[in-house]
Amino acid sequence: MNNQTDSGKSHVFHFFLNRKYVSIASGKGVYIYDDQGNRYLDASGGPILCSLGHGLEEMADVINEQARKLVYVHRVDFTNPPLEEASRKLCEASNFVMDKVFFVSGGTEAIEIGIKIARKYHLDNGKPSKSRVISRWQSYHGSTAGALAWTGATARRNDFMPYLHDFNHIPPAYCYRCWFNKTPDNCDLDCANALENEIMCLGPDNVSVFLAEPVSGMALCGAVPPEGYFERIREICDKYDVLLMFDEVMTGAGRTGKMFAYEHFNVVPDILALGKGLSGGYFPIGATAVPQFIHDKIASNSGVFGAGHSWGGNPLGCSVVSKTLDYIKEHDLVERSHTLGEYLNNKLDKLRAHPLVGDVRGLGLMRGIEFVQDKTTKKPFEKSLGFSSRVSAACLEKGMFVEYSSGCDRGQAGDMVMLGPPFIITEEQIDSAVQILEQVLDQDLLSSDR
Ligand code: PLP
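Reading guide: rules and limits
- Residues numbered from 1 in each chain as written.
- Predicted model: local features only at pLDDT ≥ 70, side-chain atom pairs only at ≥ 80, totals over all residues.
- Near = placed C-beta within 6 Å.
- Helix = DSSP H or I, 4+ residues; strand = E, 2+ residues; numbered from the N terminus.
- Nonpolar A, V, L, I, M, F, W, Y, C, P; charged D, E, K, R; others polar.
- Domains from an automatic or database assignment.
- Contact = placed C-beta atoms within 7 Å.
- Core = buried A, V, L, I, M, F, W, Y, C linked by C-beta atoms within 7 Å.
- Buried ≥ 20, exposed ≤ 12 C-beta atoms within 10 Å, placed from the backbone.
- Pairing = 2+ DSSP bridges.

### Quick look at the site of the ligand
Among the 15 residues in the neighbourhood of the ligand, the closest are listed as Gly106, Gly107, Thr108, Gly217 and Val249. When residues in the shell around the ligand are grouped by element, the largest group, three residues, is from helix α4 (residues 107-124). Grouping the amino acids of the shell around the ligand by side-chain chemistry returns six nonpolar, seven polar and two charged.

### Observations concerning the domain arrangement of the protein
Under the domain assignment, the protein is made up of domain 1 (9-55 + 332-441) and domain 2 (59-330). The distance between the C-alpha centroids of domain 1 and domain 2 comes to 25 Å. Domain 1 puts 36 residues into the contact, and the matching count from domain 2 is 35 residues. Elements that contribute at least two residues to the side of domain 1 that touches domain 2 include exactly α1 (45-48), α11 (333-347), β11 (357-363), β12 (366-371), β14 (403-405) and β15 (416-419). A breakdown of the residues in the side of domain 1 that touches domain 2 according to their chemical character gives 14 nonpolar, 14 polar and eight charged.

### Here we look at the nonpolar core
Within soluble globular proteins, side chains that are nonpolar generally end up buried alongside one another. Among the nonpolar cores identified, the biggest contains 123 residues, and Val209, Phe210, Leu243, Met245, Leu274 and Ala287 are the most heavily contacted of them. When residues of this core are sorted by domain, at least three fall in each of domain 1 (9-55 + 332-441) and domain 2 (59-330). Those residues in contact with Met245 that lie beyond four places of it in its chain are Gly114, Ala118, Val209, Phe210, Leu211, Pro269, Asp270, Ile271 and Ala273.

### Some thoughts on the pairing of strand β4 (residues 100-104)
β4 sits mainly inside the fold: four of its five residues count as buried. Where β4 lies against strand β10 (residues 286-290), five bridges are found, and the strand directions are antiparallel. Within β10, the residue paired with Val104 across the bridge is Gly286.

### Focus on unusual backbone geometry
Despite not being glycine, Ile48 has its phi angle at roughly 55°, a positive value. Positive phi is not limited to glycine here, since Asp241 has a value of about 55°.

In structure tokens form, the structure reads like this:
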């Protein structure tokens with residue numbers, strides 16, 4: 001249907017095809033503004049992505065300057081100064097735990113490249129049978145056929161199962177609803193030991209890599225593993241020559257109050273996938289980083305990594321990454337994410353006591369809230385109610401955007417929302433975000449008019 005008077009709204013193919021979407025026309029700091037001039041506090045920075053805040057002149061200038069100089073050159077044939085600078089700065093940000101960086105266009109591609117690097121490493125190490133990927137249920141790793149197959153959030157996978165290879169998943173580290181019915185007092189790290197069982201079932205010679213989010217993203221909104229979890233995982237990976245890959249697409253670049261979330265857990269991964277906040281929210285870019293030994297193995301054997309994407313390593317995106325890393329450093333934003341994250345966590349104490357709130361969790365400026373029908377039994381709301389979507393819609397009516405998730409159908413989880421604002425958020429803005437959530441939870445969210 002051709003509607004000549006429509007500005008274009010009717011031609012957009014949306015995620016939720018029947019929803020009435022608000023059109024956002026501009027942003028400044030932690031606020032976004034719709035095309036009618038209404039202001040919304042961006043309490044989740046989009047999907048926990050806009051880490052520097054909206055409308056930064058310095059970012060616009062970098063994009064402008066680089067666009068005038070050079071936007072594109074093919075990485076297969078050439079290198080370019082912004083690519084080199086961003087690679088060095090990213091390795092430096094990891095204190096050179098990582099030595100080589102492969103830039104791509106977003107988080108999903110970073111995951112795909114990481115899994116392929118693992119495969120190439122084993123091939124070039126004379127172990128061609130090592131190809132299986134183990135990941136976790138109630139996880140999210142992206143939306144291509146590969147990344148969805150490794151994803152454990154079944155709701156995201158179900159419609160596309162005919163395209164997904166059958167990979168192996170183990171239970172998540174989800175202490176609020178432990179899959180092994182343990183509590184922190186009697187935790188034996190069964191969720192970590194499950195990796196060893198899975199490797200033994202598949203045969204260690206067949207397993208390439210274990211993939212996990214160090215702090216869970218939207219599938220479990222901020223679930224933090226129990227103490228010792230990743231140390232045990234690292235031990236198991238080392239024992240069976242299985243590479244450890246961290247999906248830090250959401251947690252990387254300062255989000256959890258450390259530059260990378262693995263720094264909380266006393267381990268280093270063999271492969272690190274990044275996206276989202278890597279460009280502060282100013283350019284669609286992702287990266288996969290590895291230590292020297294992984295790169296050396298491939299370099300000294302086949303010498304070819306025949307994977308990649310046309311836009312990977314483009315100078316425009318890389319100039320934004322360098323600027324983002326500089327900006328984070330100059331403004332001490334990793335520390336700010338930690339201190340403001342603690343402030344937010346303390347403010348959320350009020351919500352912890354709310355009868356509909358089962359759990360509040362997370363690190364830094366990445367805090368998830370899980371809702372329940374019954375606090376004692378932890379019974380979640382019926383999925384068909386769309387409780388968290390009602391919370392998010394009610395917040396929007398009050399001038400705040402918050403990202404939500406309706407849990408998973410493989411393994412129980414309640415409805416959730418995730419607060420992940422830009423790092424520049426102030427204490428006063430956090431107070432008003434929490435206040436809006438409180439007001440919303442005290443409304444009749446279950447009414448059939450919603
Ligand atoms: N991994 C995690 C943990 C994510 O949260 C996401 C996106 O939400 C992805 C991977 C995929 O990233 P992208 O949407 O940039 O492809």
